[in-house]
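Now for the letters of each chain:
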Amino acid sequence: MSIFRRDRGGPGRVTVQEAAARTGDGNAAAGGGDAVLLDVREPYEWQAGHAPRAVHLPLSALAAGAGLPARAQARPLVVICRSGNRSRRAAELLVTRGAQAVDVIGGMRDWAEAGLPVVDARGGNGTVA
C-alpha cells in the first residue's frame, strides 16, 4: 500500500504522521523507513530546528540546479518545509527530474505540533523558524 497520494496530477502529498513513518523519524517510526526526508528550508530555518534524520537542500539551491545530497540520491523523497508551500514546489521540480517525491502537508509547523522530534544544529531541542 502506497502512502503517496496524488491530487490534480501533481506529486503526492502526505501527512506528517505518514512522513514520519515513511522516513523512520518520530515516535511512530521505531522500525525505520525507506524514504529520505528532504528539508528545503533556508539555512537559518534548518539550524533552528529540523527532523533528526532529515537531509538539507534549500529550495533556492534545488531550483538553481543543485544535485541531491548523497543520502537522498536514488531514494524516495518526502519533501518538507515550514508550512508546505516550498515543499510542494520542490516536489514538483523533483518529479520533473525523475525522482519519486511527495510533499508534507503542513510542513515543520504540523510536524512539531504533532509532537514529532525537532533538533537544532547542535542536536539539542530545536524550534521551527
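Residues numbered from 1 in each chain as written. Predicted model: local features only at pLDDT ≥ 70, side-chain atom pairs only at ≥ 80, totals over all residues. Heavy atoms only, no water.

Visitor: Whenever I open this one, the pairing of strand 3 (residues 36-39) confuses me. Can you help?
Guide: Along a regular strand, successive side chains alternate from one face of the sheet to the other. Taking every second residue as pointing to the same face, both faces of strand 3 are buried, with Val 36 and Leu 38 on one and Leu 37 and Asp 39 on the other. Pairing of strand 3 with strand 5 (residues 77-80), which is carried by four bridges, proceeds in the parallel orientation. Looking at the pairing, Leu 38 lines up with Val 79 of strand 5. Across two bridges, the pairing between strand 3 and strand 4 (residues 55-56) is parallel. Within strand 4, the position partnered with Asp 39 by the bridge is His 56. (Buried < 20%, exposed > 50% of the residue type's maximum accessible area, 1.4 Å probe, protein only. Helix = DSSP H or I, 4+ residues; strand = E, 2+ residues; numbered from the N terminus. Pairing = 2+ DSSP bridges.)

Visitor: What should I look at first to understand the nonpolar core in this one?
Guide: Within soluble globular proteins, side chains that are nonpolar tend to cluster in buried spots. Core analysis: the biggest nonpolar cluster contains 17 residues, and Val 14, Ala 19, Leu 37, Val 78, Ile 80, Val 104 and Trp 111 have the highest contact counts within it. Every element with two or more residues in this core is listed here: helix 1 (16-23), strand 5, strand 6 (101-104) and helix 5 (107-113). Counting residues per element, this core draws most heavily on helix 1, which supplies three residues. (Core = buried A, V, L, I, M, F, W, Y, C linked by side-chain atoms within 4.5 Å.)

Visitor: Explanation requested: the pairing of strand 5 in the structure shown.
Guide: Taking every second residue as pointing to the same face, both faces of strand 5 are buried, with Leu 77 and Val 79 on one and Val 78 and Ile 80 on the other. Relative to strand 6, strand 5 runs parallel, the two sharing three bridges. By the bridge assignment, Val 79 is partnered in strand 6 with Asp 103.

Visitor: Would you explain the pattern of salt bridges in this entry?
Guide: Any two side chains of opposite charge can pair, so long as their charged atoms come close to each other. As enumerated under the stated definition, the model contains six salt bridges in all. Residue Glu 45 is joined to Arg 86 by a salt bridge in which the shortest nitrogen-to-oxygen separation is 2.8 Å. On the criterion of sequence distance, the pair formed by Glu 45 in helix 2 (residues 43-48) and Arg 86 in helix 4 (residues 85-96) is long-range, its members being 41 residues apart. When the shortest N-O distance is used, the salt bridge between Arg 88 and Asp 103 registers 3.3 Å. Separated by 15 residues along the polypeptide, Arg 88 in helix 4 and Asp 103 in strand 6 bring together distant segments of the chain. For Arg 88, a relative accessible area of 14% puts it in the buried group. Put simply, Arg 13, Arg 88, Glu 92 and Asp 103 are held in one network by salt bridges that share partners. (Salt bridge = Lys/Arg side-chain N within 4 Å of Asp/Glu carboxyl O.)

Visitor: Can you walk me through the side chain of Arg 86 in this structure?
Guide: For Arg 86, a relative accessible area of 18% corresponds to the buried category. Side chain to side chain, Arg 86 and Glu 45 meet in a polar contact 2.8 Å long. Once residues within four sequence positions are removed from consideration, Arg 86 is found in contact with Val 40, Arg 41, Glu 42, Glu 45, Leu 59 and Cys 81. (Polar contact = N/O pair within 3.5 Å; in protein donor to acceptor, adjacent residues only side chain to side chain. Contact = heavy atoms within 4.5 Å.)

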